[in-house]
Amino acid sequence: METSVSGERVEEDSALTDHSALDDEVLQKILQSGMDLRRYCKQVEGDLLRAENHSIEDYIKESANIASLHNQISDCDNILERMEGILEGFQTHLSSINTEMVQLQRRSAKMTQQLSNRLAVRATLSQFVDDITVSEQLISSICDASVTEPEFGAALRELGHKTSFAKEQSYRDSRSVLDVRDPLEHLRVKAVTKVRVFLLEQVFKLRKSMANFQVPQDNLLSKYKIFYEFLLANERSAAQEVCVEYIETMGKVYYSYFKAYISRLMKLQYDDNPSKDDLMGVSENVARGGLFQSRTSLKNRGAVFSLGTRGEVLGAGLKAPIIVPHAAGNKLPYETIFRSVQFALLENGCREFIFLKEFFVVQGNAAFDMFNQVLGMTLGMLQKNLDNYAADSYDAIGLMLCANICLKYKSICQERSIAALDTHWSALLAFIWPRLEHVLRLHVQSVKQLDTSKFNRELRPHYITRRFAEFSAAMEFMSETPPPEPVHRLMSQLSEEVECMLLRIAAAFPQRKEQLVFLINNLDLILSVHAEHSREQGATAKDAAAREEPKREIIGFQEHLSQRSAEYVEEVLRPHFGAVMQFVKEGEALAAKGQADQLRQQETKCMDMAHKFSVCWRGALEKLSKEVLPSFPSLLTGSQLFQLTLTTLVTYHQRLYAVLPPSAQATLANKHQLMVEIKKYKTNFWSDNLKS
């Protein structure tokens, strides 16, 4: 408001300023022209009068238009007045409409809430009515439909739900339950009766001889699991009766099946099993039999200590199909029979445990207790069978194979997340390990008490060494899972006793060289057998690099072989180069003491040593070749020792050259000549490592 007033004042001031400026300009023009002011005023008044008259005439001429314009303006004022009234009325109407809209919105929200409440009540009430009412179709399905029809199963689910719902509502003192209590009870009794009879019939079918009980089990689990759940929820006594009948029936079925199966398989077992006369330290010529049977055993005792094909039960044969007794033509070792029986138990036991958990709806200790009730007699029979075998068994390899079978099957059960058979595997191992320790202890004692004076003096590997090599390699192959500490300790003792036995036998040879040949042949046999088993194991393993490192006993045999080989080389070189070898050692000892000049002063002796070596080395090579190679049955071992002999000879040549004075070095045989001659004796087994 203040802004508009100030604006008008500014406009008035500017107009006055313009008029005053214009008057001043007119006055100046009048004064400059020299005109009389009064005359000029009259002239101006005359001009104004004429202009006024002219303007009046113009207004008179346009009076009609002005009157028409006046009328139009009046009409417009009337129209605008009426429009104003209409707008005021519209504004009043809009206000009333807004009030009505607010009222309608409130009514709509109230009606929406009422509708939601009614729908909720309707849904609850409708569900309640559906759950509490007993339809004619339900009564017909329960009373008239066959148990095996899908219609009966659906009706049974519905009845179970209605029964549970009625019980729940009865706790809330619902009066509507009183109307359906009797019909539901009659239907429940009818359904329980039909289901109980049907399930007992299915259980009785399992008692038929030569019946495949897995088919009825599959039907029960896939089609009729709801039947037992209905009994469990509505009639626990009937459910308990079905459960007890199933446990008794399947317990007898499994017991009779495994009893017949194992009795047939035991007829296929080898007749000639290892006995106390088949210990490692027992001579091959020991008489066997009773008072009237003093014959010498013709059985191949090597099979008692070697693994051979028996190890297949831990490889491809571990999960092979079970043996069919009437289809097996050949006799079988016990571990093969044991594997077949235990594999049948593994498959049936895992399957039975899963069935019990799912069909009878049990978990945890309850499932384990029911499993033991079903298979308890069978497990006891199988454990008794193993106990009877182990009590009289002297077959350490067979016992070790059975132990590994138990460990591997236990691992399979763990992979399947089934621990029901863990106690069974532990019970079997409790029979195996003590007997295996006892048999190993007998082996150790037999080797320790061996009378070595009765053996022939042969340089070839001893048959007991062969037994030990095969036996220890087999035990190492079967030690994928480390055995108990007593078993490992007894194997170490057996290795020590075998080594002591070899030393006692070697002491019977008069010459040290013969003793060394005997020891090398036996030690080499042990390591060769182990190496062969390691190659076979690596060929069948998925990752050969994952194989365990050689055991401590094998490393000890390798060290002993290296020591005996080095000593043997010294022995075979001594007859030909004994003086030279002694001279080299004395010269190196003097050089180590800083007395090398003292050796150079003995020029005559140095010249004599150089001359002796240069004269005899060529003939000595031929003699060494004829002496070393025939001494060892293994061509590879003989070639390696001959190579070691030649390598040692070259080394002595170099050492001799180092201790000789320059004058004697000139008379010594040239190294190049020595190497050329040595290469003539090179065989296919050598590696080209003689060059220095």
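Residues numbered from 1 in each chain as written. Predicted model: local features only at pLDDT ≥ 70, side-chain atom pairs only at ≥ 80, totals over all residues. Heavy atoms only, no water.

As annotated in an unreviewed UniProt entry, the protein is Vacuolar protein sorting-associated protein 52 homolog from Cloeon dipterum. For the protein, the Sequence similarities (unreviewed entry) comment in UniProt is given as "Belongs to the VPS52 family." (UniProt positions renumbered as here; feature names shortened; annotations may be inferred.)

(A) Structural context of the overall build of the protein. From N to C terminus, the protein includes 23 helices and 0 strands. Looking at the protein as a whole, 39% of its 692 residues are labelled buried. Once local pairs closer than 6 in sequence are excluded, the contacts in the protein between residues at least 24 apart make up 77%. Roughly 40300 Å² of accessible area belongs to the protein as shown, and the carbon and sulfur atoms make up 54% of that amount. (Helix = DSSP H or I, 4+ residues; strand = E, 2+ residues; numbered from the N terminus. Buried < 20%, exposed > 50% of the residue type's maximum accessible area, 1.4 Å probe, protein only. Contact = heavy atoms within 4.5 Å. Areas by Shrake-Rupley, 256 points an atom, 1.4 Å probe, with all protein chains shown as cover.)

(B) The packing of helix H6 (residues 177-205) against helix H8 (residues 225-234), seen in detail. Close contact between H6 and H8 brings their axes to 10 Å; oriented N to C, the two are set at 130 degrees. Here H6 lies oblique to H8, going by the angle between them. Crossing of H6 against H8: the hand is left-handed. In contact with Arg188, Ala191, Val192, Val195, Arg196, Phe198 and Leu199 of H6, H8 contributes Phe227, Tyr228, Phe230, Leu231 and Asn234. Considering only residue class, the contact of H6 with H8 consists of 9 nonpolar, 1 polar and 2 charged. (Axes fitted to C-alpha atoms, helices over the stretch in contact; angles between N-to-C directions. Parallel < 35°, antiparallel > 145°, perpendicular 65-115°, else oblique. Left-handed = near helix turned anticlockwise from the far one by under 90°. Nonpolar A, V, L, I, M, F, W, Y, C, P; charged D, E, K, R; others polar.)

(C) Local environment of the packing of aromatic side chains. Taken as a whole, this structure holds 24 aromatic pairs when the rule is applied. Between Phe577 and Phe613, the aromatic rings sit 5.4 Å apart at their centres with planes inclined by 40 degrees, giving tilted as the arrangement. Linking Phe577 in helix H18 (residues 552-592) with Phe613 in helix H20 (residues 603-628), this pair joins segments that are 36 residues apart in sequence. Note on Phe577: relative accessible area 2%, which makes it buried. (Phe/Tyr/Trp six-rings, centres within 6.5 Å; stacked < 30°, edge-to-face > 60°.)

(D) Inspection of a negative patch on the surface at higher detail. A cluster of acidic side chains, namely Asp75, Asp77, Glu81, Glu84 and Glu88, defines a negative patch on the protein surface. Checked against the element boundaries, Asp77 lands in helix H3 (residues 63-132). You can call Asp77 partly exposed: its relative accessible area is 47%. (Patch = residues over 30% accessible without salt bridge, like charges linked within 9 Å, V, L, I, M, F, W, Y side chains within 5 Å. Salt bridge = Lys/Arg side-chain N within 4 Å of Asp/Glu carboxyl O. Lys, Arg positive; Asp, Glu negative; His and termini not counted. Charge placed at Lys NZ, Arg CZ, Asp CG, Glu CD.)

(E) Highlighting the pattern of salt bridges. One pass over the structure, following the stated rule, counts 20 salt bridges. Measuring nitrogen to oxygen at the nearest pair gives 2.8 Å for the salt bridge that ties Glu241 to Arg196. Highlighted residues: Glu241 in helix H9 (residues 236-266) and Arg196 in helix H6, separated in sequence by 45 residues. In this structure, Glu470 and Arg466 form a salt bridge, with 3.4 Å as the shortest nitrogen-oxygen distance.

(F) Structural context of the nonpolar core. With 172 residues, the main nonpolar core has Leu199, Phe227, Phe360 and Phe471 as its most contacted residues. Residues contacting Leu199, with those up to four places away along its chain left out, are Leu220, Phe227, Tyr228, Leu231, Val242 and Phe359. (Core = buried A, V, L, I, M, F, W, Y, C linked by side-chain atoms within 4.5 Å.)

(G) Quick peek at unusual backbone geometry. Positive phi, close to 55 degrees, is recorded for Val361, a residue that is not glycine. Its place among the elements puts Val361 in the loop between helix H11 (334-359) and helix H12 (364-391). Positive phi is not limited to glycine here, since Ser417 has a value of about 60 degrees. Its place among the elements puts Ser417 in the loop between helix H13 (396-415) and helix H14 (422-448). Since its relative accessible area comes to 62%, Ser417 is described here as exposed.

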